[in-house]
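Given next are the chains, with one letter for each unit.
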Amino acid sequence: MKIADLLNPSAIAADLKSTGKNDVLTELTDAIVRVTSSLERDEVIKVLQERELLGSTGIGEGVAIPHGKLRNIDQLLLSFGRSRGGVDFDSMDGKPAHLFFLLVAPEESVGIHLKTLARISKLLKNPAVRRRLIDAGDSEDIYRIIVEEEDKL
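Quick summary incoming for the structure in this document. Just so you know, these numbers come straight off a predicted model, no measurement behind them.

**Quick word on the side chain of Glu-27**
(1) Moving on: Tracing the sequence through the fold places Glu-27 in helix 2 (residues 21-35).
(2) Moving on: The buried charged residue Glu-27 lacks any salt bridge partner; its closest oppositely charged side chain belongs to Lys-17, at an N-O distance of 6.1 Å.
(3) Moving on: When near neighbours in sequence (up to four residues on either side) are disregarded, Glu-27 contacts Asp-15, Leu-16, Lys-17 and Ser-18.

What follows is the structure in structure tokens.
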């Protein structure tokens, strides 16, 4: 499953306003709720916050991939956010996160959930891709870069 197939361009927050971890989770959730109105916003936020208590999803190099599982969905849902200023996300390397992929998966999914997390990690492992996403103009540019770079994987 390709990231570009899961990510609705309308679920991209090109300029996150939040400066704190929980506020970023809320903004990213709001981006998903914009395109999947059947989601219960507060439930999504709660699941994400509970996952963060197990250990930060800030993987380092300016990247965080908050994720969680929900009972009442039947497909993976994705949003993307960018913070040019960076957010302290308790990342493994102690550096602020600038690029965020939020992944919400059906409760029973295991394989596809992990494969998607791995694909996102692989995409954002490349410093040139991270730089392009940070420098991108708007949501449309971000989506186009994701499509272009994912085709190279």
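There's plenty left to go through after this.
**Some words on helix 3 (residues 41-54)**
(1) Moving on: The end-to-end C-alpha separation of helix 3 is 21 Å, in line with the 20 Å expected for 14 residues at 1.5 Å each.
(2) Moving on: On its buried side, helix 3 packs onto helix 2, strand 4 (67-70) and strand 6 (97-106).
(3) Moving on: Gly-55 occupies a position one or two residues after helix 3 and carries a positive phi of about 155 degrees.

**Concerning the packing of helix 2 against helix 3**
(1) Moving on: Their axes nearest at 10 Å, the elements helix 2 and helix 3 cross at an angle of 140 degrees. Comparing the axis directions of helix 2 and helix 3 gives the class oblique. Considering the relative orientation of helix 2 and helix 3, their crossing is right-handed. Across the interface between the two elements, Lys-21, Asn-22, Leu-25, Thr-26, Thr-29, Asp-30 and Val-33 from helix 2 touch Arg-41, Val-44, Ile-45, Leu-48, Gln-49 and Glu-52 from helix 3.
(2) Moving on: Split by residue class, the contact of helix 2 with helix 3 holds five nonpolar, four polar and four charged.

**Concerning the pairing of strand 5 (residues 77-87)**
As a general feature of sheets, a regular strand has side chains that alternate between the two faces.
(1) Moving on: Taking burial as the measure, the 11 residues of strand 5 include nine buried ones, the bulk of the element.
(2) Moving on: In the sheet, strand 1 (residues 7-13) pairs with strand 5 via three bridges, with the strands oriented parallel. Each bridged residue has a counterpart across the sheet, and for Leu-7 the counterpart in strand 5 is Leu-78.
(3) Moving on: The pairing of strand 5 with strand 6 spans seven bridges and is antiparallel. Considered in strand 6, the bridge of Arg-82 is made with Leu-99.

**Observations regarding the side chain of Thr-29**
(1) Moving on: By the secondary structure assignment, Thr-29 is in helix 2.
(2) Moving on: Excluding its chain neighbours within four sequence positions, the residues that come into contact with Thr-29 are Arg-41, Val-44, Ile-45, Leu-48 and Leu-102.

Cut-offs applied
Residues numbered from 1 in each chain as written. Predicted model: local features only at pLDDT ≥ 70, side-chain atom pairs only at ≥ 80, totals over all residues. Heavy atoms only, no water. Helix = DSSP H or I, 4+ residues; strand = E, 2+ residues; numbered from the N terminus. Buried < 20%, exposed > 50% of the residue type's maximum accessible area, 1.4 Å probe, protein only. Lys, Arg positive; Asp, Glu negative; His and termini not counted. Salt bridge = Lys/Arg side-chain N within 4 Å of Asp/Glu carboxyl O. Contact = heavy atoms within 4.5 Å. Expected span 1.5 Å × (residues − 1). Axes fitted to C-alpha atoms, helices over the stretch in contact; angles between N-to-C directions. Parallel < 35°, antiparallel > 145°, perpendicular 65-115°, else oblique. Left-handed = near helix turned anticlockwise from the far one by under 90°. Nonpolar A, V, L, I, M, F, W, Y, C, P; charged D, E, K, R; others polar. Pairing = 2+ DSSP bridges.

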